[in-house]
Amino acid sequence: MTTLVQDAHWTALAACGAGKLAPDALFVEGAAQREARAVCTACPVRLACLADALDNRMDFGVWGGMTERERRALLRRHPQVPSWRKMFEAAMEKDFLTLAERKSGIILRFNLDAALRGDFKSRQDGLAIQRRNGIINGNEWRERENMNPLSEEDGGEDYWVESGVTVVGAEPGTPGGPPAPQPPKPAPAPAKVKTCEQWM
Ligand code: SF4
């Protein structure tokens, strides 16, 4: 799998960033919003910006060329979308890559480090918690990091269960259940004692 991501976090490329606009220029109301969002038209990171705003339910301001009203209406019309970032990434792959490129494993991803995906350490800490608690397996972790899966033999599909954790109601001896009762150990054979007569 080959991943093509933006080189930098999307905000570094924003047409409204780095002092190009007044800090509150995109947080205006009414007709001023139309003028404000004109700057988004040619912004190279418009989709990443919009995905970030939709997924994080940004309540105020112009983001990705949409006002808060327009974003609210879009969210209402499509409540079934769990991740706008993933949806945009899939759409870009469909529109920008050839079939051969897609088959060769090339994928497109926004670089949203420190935004949706979280900074690297926080993301790994969160995934480690899920892994330790048996919520994800190794391959699900790797998929989120755009890494190739491990084979089943290498444990890629295995889930972990913390030792000492018992599932309430689970049968003894089943996964998550208490240990099965062991058969009683046979009583030790009585020690052989020689009588006085035997010594003589
Ligand atoms: S799309 Fe608009 S709000 Fe978003 S980064 Fe670009 S210029 Fe700024």
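Just so we're clear, the structure is a prediction, and the values are computed from it rather than from any experiment.

Chemist: I tried to follow the overall build of the protein chain on my own but got confused; where do I start?
Modeler: Summing up its helical and strand segments, the protein chain has eight helices and two strands in all. Ordered by position from the N terminus, the helices and strands of the protein chain form the series β-α-α-α-α-α-β-α-α-α. Across the 200 residues of the protein chain, 12% fall into the buried class. A separation of at least 24 residues holds for 49% of the contacts in the protein chain among residues at least 6 apart in sequence.

Chemist: What is the right way to read the site of the ligand from this model?
Modeler: As a matter of local geometry, the ligand sits amid 14 residues, with Ala14, Cys16, Cys40, Cys43 and Cys49 nearest to it. Residues belonging to the shell around the ligand are distributed by class as follows: eleven nonpolar, two polar and one charged.

Chemist: Any chance you could explain the environment of methionine 58 here in plain terms?
Modeler: Considering the arrangement of structural elements, one finds methionine 58 in the loop between helix H2 (46-55) and helix H3 (68-77). Sequence spacing of methionine 58 and glutamate 68 is ten residues, and the spatial spacing of their C-alpha atoms is 7.5 Å. Excluding residues within four positions of it along the chain, methionine 58 makes contact with Ala53 and Trp63.

Chemist: Got a minute to help me understand unusual backbone geometry in this structure?
Modeler: Its identity as a non-glycine residue notwithstanding, arginine 57 has a phi of 50°, on the positive side. If you trace the backbone, arginine 57 turns up in the loop between H2 and H3.

Chemist: Explain the packing of H2 against helix H4 (residues 84-96) here, please?
Modeler: The angle between the axes and the distance between the axes are what describe a pair of packed helices. It is the contact of H2 with H4, at a shortest axis distance of 8 Å, that shows an interaxial angle of 150°. Overall, the two elements H2 and H4 adopt an arrangement that is roughly antiparallel. For the pair H2 and H4, contact is made by Leu47, Ala51, Leu54 and Asp55 and by Trp84, Arg85 and Phe88, respectively. For the contact of H2 with H4, the class distribution of residues is five nonpolar, no polar and two charged.

Chemist: Hey, could you run me through H2 in this one?
Modeler: Along an α-helix, residues three or four apart share an orientation, since each turn contains 3.6 residues. With eight of its ten residues buried, H2 lies for the most part within the structure. Along H2, the residues classified as buried are Ala48, Cys49, Leu50, Ala51, Asp52, Ala53, Leu54 and Asp55. Of the surrounding elements, those touching the buried residues of H2 are H3 and H4.

Chemist: Honestly, the nonpolar core in this entry has me stumped. Any pointers?
Modeler: One broad trend across soluble globular proteins is that nonpolar side chains are buried collectively. One finds Ala48, Cys49, Leu50, Ala51 and Trp63 to be the most contacted residues of the largest nonpolar core, which totals 16 residues. By residue number, the principal contributor to this core is H2, which donates six residues.

Chemist: Hey, could you run me through the environment of arginine 72 in this one?
Modeler: Of note, arginine 72 is situated in helix H3. A count of 14 C-beta atoms within 10 Å places arginine 72 in the partly exposed class.

Chemist: I would appreciate a short explanation of the environment of aspartate 52 in the present structure.
Modeler: Relative to the assigned elements, aspartate 52 resides in helix H2. For the pair aspartate 52 and tryptophan 10, spaced 42 residues apart in the sequence, the C-alpha separation amounts to 9.9 Å.

Procedures and definitions
- Residues numbered from 1 in each chain as written.
- Predicted model: local features only at pLDDT ≥ 70, side-chain atom pairs only at ≥ 80, totals over all residues.
- Helix = DSSP H or I, 4+ residues; strand = E, 2+ residues; numbered from the N terminus.
- Buried ≥ 20, exposed ≤ 12 C-beta atoms within 10 Å, placed from the backbone.
- Contact = placed C-beta atoms within 7 Å.
- Near = placed C-beta within 6 Å.
- Nonpolar A, V, L, I, M, F, W, Y, C, P; charged D, E, K, R; others polar.
- Axes fitted to C-alpha atoms, helices over the stretch in contact; angles between N-to-C directions.
- Parallel < 35°, antiparallel > 145°, perpendicular 65-115°, else oblique.
- Core = buried A, V, L, I, M, F, W, Y, C linked by C-beta atoms within 7 Å.

Take it as geometry only, folks, not as evidence of what the structure does.
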